[in-house]
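Remarks on the overall topology
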2 protein chains.
Amino acid sequence: MTQRDLATATPVVTDGRPADLRAEAFQGVRDARSRELAEDYVELIAELIHDHGEARPVDIAARLGVRAPTVTKALDRLAREGLISRAKYRSVFLTDEGRALARECRRRHEIVLRFLLSLGLDAETAEHDAEGIEHHVSERTLALFAAFASKA
Amino acid sequence: MTQRDLATATPVVTDGRPADLRAEAFQGVRDARSRELAEDYVELIAELIHDHGEARPVDIAARLGVRAPTVTKALDRLAREGLISRAKYRSVFLTDEGRALARECRRRHEIVLRFLLSLGLDAETAEHDAEGIEHHVSERTLALFAAFASKA
DNA sequence: TCTGATAGTTAGCACTGTCTAACTTTATTC
DNA sequence: GAATAAAGTTAGACAGTGCTAACTATCAGA
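Attention here is on the structure that accompanies the text. None of these values were measured; they are calculated from a predicted model. (Residues numbered from 1 in each chain as written. Chains lettered and ligands numbered in written order. Predicted model: local features only at pLDDT ≥ 70, side-chain atom pairs only at ≥ 80, totals over all residues. Heavy atoms only, no water.)

**Quick word on the pattern of salt bridges**
This is how it is decided: Salt bridge, as used here, is a side-chain nitrogen of Lys or Arg placed within 4 Å of a carboxyl oxygen of Asp or Glu.
Across all of its chains, the model carries 27 salt bridges over all chains by this definition. One connected set of salt bridges, linked through shared partners, spans Arg35, Glu39, Glu104, Arg107, Arg108 and Glu139 of chain A.

Set out below in C-alpha cells:
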C-alpha cells in the first residue's frame, strides 16, 4: 500500500462515512466556534437592554467574567461586523441585524434549556450546559428538542 | 442609582441568578473551548491507530479538514502537554494520559450520538451535532442522556 | 463646580489556530 | 540506486481572545 492510499486514494471508511464528510463536520464545528463569542455578546446585550434600558461594557464584562479591555476589543469586532453600533465611552446598541441574531440565539437557548430541564436536569447544570450546547445544535435537532420538551 | 450599582453592588438578577454565577458558566464554556481541539485530536489519533495501526499527520489533516502545518503545530502542543509522543517525520503515539483522554472522549461521543439517534435524528446530522455537543455536556447531563437512550 | 470614583480606551504582551511558501526528509518506483 | 512523489517541518503572516498597566473620559456628590 502506497502512502497515498491511506490519505486520499482509498475512500477510507472508519465510522461509516468517508473522511471528507468528517472533515466537513469539523469545519462546521470550527465555524460554530468562531460565531460563538459574537452570539454570546449579542444575546447578552439584548438582555441588558431589555432589563436595564442600556448595555454598558462594565455589565457585559461582569456577566461574561472577562476584563474591560477584552470587552472593548470584542465590541470593536461586533461593530465591524455590523451587529452593534456604538460611540466612544457610550453604551452599546444592536443594529437590526444584531437584534435578529439576538432573537435567534435566545430562541435556541430557551429550547435547549427547556429541553434539558424536561429531561430532569437541575436548573443550574441545565443553564450551564445550555450555554455550551446552544451554539452546536442544528435546526433539525432543535426541532426534536422542542417537540420532546413540550410533550414532557 | 450610581454606575457601580448595576455592575456589582446590587446582586442584579436577570434570569434568576446573580451575574457571578453566569460568569462562571461562561468561564466554563471558555475552558471547554480550549480543551476541545486537544480532545478532537486525541480521539482521532486513537481511532487511526485502532483502524490503521498508526496515526500519520497527513491522515489527521485530511480528517480534520486542515492543512499539514496546522497539524504539526497542534501536535507540538499535545506533546508539550504530555498527551502524545512523537519523533520528527514519524507517526504519532498516545501516552497513557492521552489514551485515557481518548477513551473518555469516545465514551462521551458515543453517549451523545446514541442519545441523538434515539431521539429520532438522522445519522448524518446526529454525527455532526454530536461532534459539537460532546465537549459541552456535564457528567450529570451525560447520565440522563445515557439513561434515555437505553430506555428508548 | 470641582474632585474623586467609576467606566472606558489604548498599548503592548502572550497564546492559539489557521494559512501559504519554501524547505527537508522519507517512501516509491523505475 | 537515482529520480520523483509524497509527507513532514519551518518560517512568517494574520486574526481572535485573553490579560495588565496606564491613560482619558464621564459621572456623582460634597
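On we go.
**Here we look at the nonpolar core**
Side chains of a nonpolar character, in soluble globular proteins, are inclined to be buried together. Spelled out, the test is: Here, nonpolar core refers to any group of buried Ala, Val, Leu, Ile, Met, Phe, Trp, Tyr and Cys residues whose side-chain atoms link them within 4.5 Å. Exposure is judged per residue with a 1.4 Å probe applied to protein chains only, and the accessible area is read against the type maximum: over 50% gives exposed, under 20% gives buried, and values in between give partly exposed. The way it works is that DSSP assigns letters per residue, a run of H or I at least four long becomes a helix, a run of E at least two long becomes a strand, and they are numbered from the N terminus. The criterion used for residue contact is that any of the two residues' heavy atoms lie within 4.5 Å.
The biggest cluster of nonpolar side chains holds 28 residues, and the ones touching the most others in it are Phe115, Leu116 and Phe145 of chain A together with Phe115, Leu116 and Phe145 of chain B. Within the residue set of this core, elements represented by two or more residues are helix H5 (96–118), helix H6 (123–133) and helix H7 (139–151) of chain A together with helix H5 (96–118), helix H6 (123–133) and helix H7 (139–151) of chain B. Once you skip the residues sitting within four places of it in the chain, Phe145 of chain A turns out to touch Ile111, Val112, Phe115 and Val137 of chain A together with Phe115, Leu116 and Leu119 of chain B.

**Description of the interface of chain B and chain A**
Under the convention used in this document: Two parts placed together each lose some accessible area; with a 1.4 Å probe, that loss summed over both constitutes the buried area.
Counting from both sides, the interface comprises 53 residues of chain B and, opposite them, 53 residues of chain A. Taking both partners together, chain B and chain A bury about 5000 Å²; carbon and sulfur atoms supply 60% of that area. The interface formed by chain B and chain A holds seven salt bridges in total. Two residues, Asp40 of chain B and Arg33 of chain A, come together in a salt bridge whose shortest N-O distance is 3.7 Å.

**Describing the protein's contact with DNA strand D**
What counts, and what does not: Proximity is defined per residue: if any heavy atom of the residue lies within 4 Å of a molecule or strand, that residue is considered near it. Counted as a polar contact is a pair of N or O atoms within 3.5 Å, where, for protein atoms, one must be capable of donating a hydrogen and the other of accepting one, and residues adjacent in sequence contribute only when both atoms are in side chains. Under the scheme applied, nonpolar residues are Ala, Val, Leu, Ile, Met, Phe, Trp, Tyr, Cys and Pro; charged residues are Asp, Glu, Lys and Arg; polar residues are all the others, including Gly.
Taken together, 26 residues lie near DNA strand D, and Thr70, Lys73 and Arg77 of chain A together with Arg30 and Val58 of chain B sit nearest. Among all atoms of DNA strand D positioned within 4 Å of the protein, those belonging to sugar or phosphate total 74%. Interatomic distance of 2.6 Å between a side-chain N/O atom of Thr70 of chain A and a phosphate oxygen of DNA strand D. At 2.3 Å from a base oxygen of DNA strand D is found a side-chain nitrogen or oxygen belonging to Lys73 of chain A. Among the elements that make up the surface near DNA strand D, the one with the highest residue count is helix H4 (residues 68–80) of chain A (five residues). For the surface near DNA strand D, a count of residues per class yields ten nonpolar, five polar and eleven charged.

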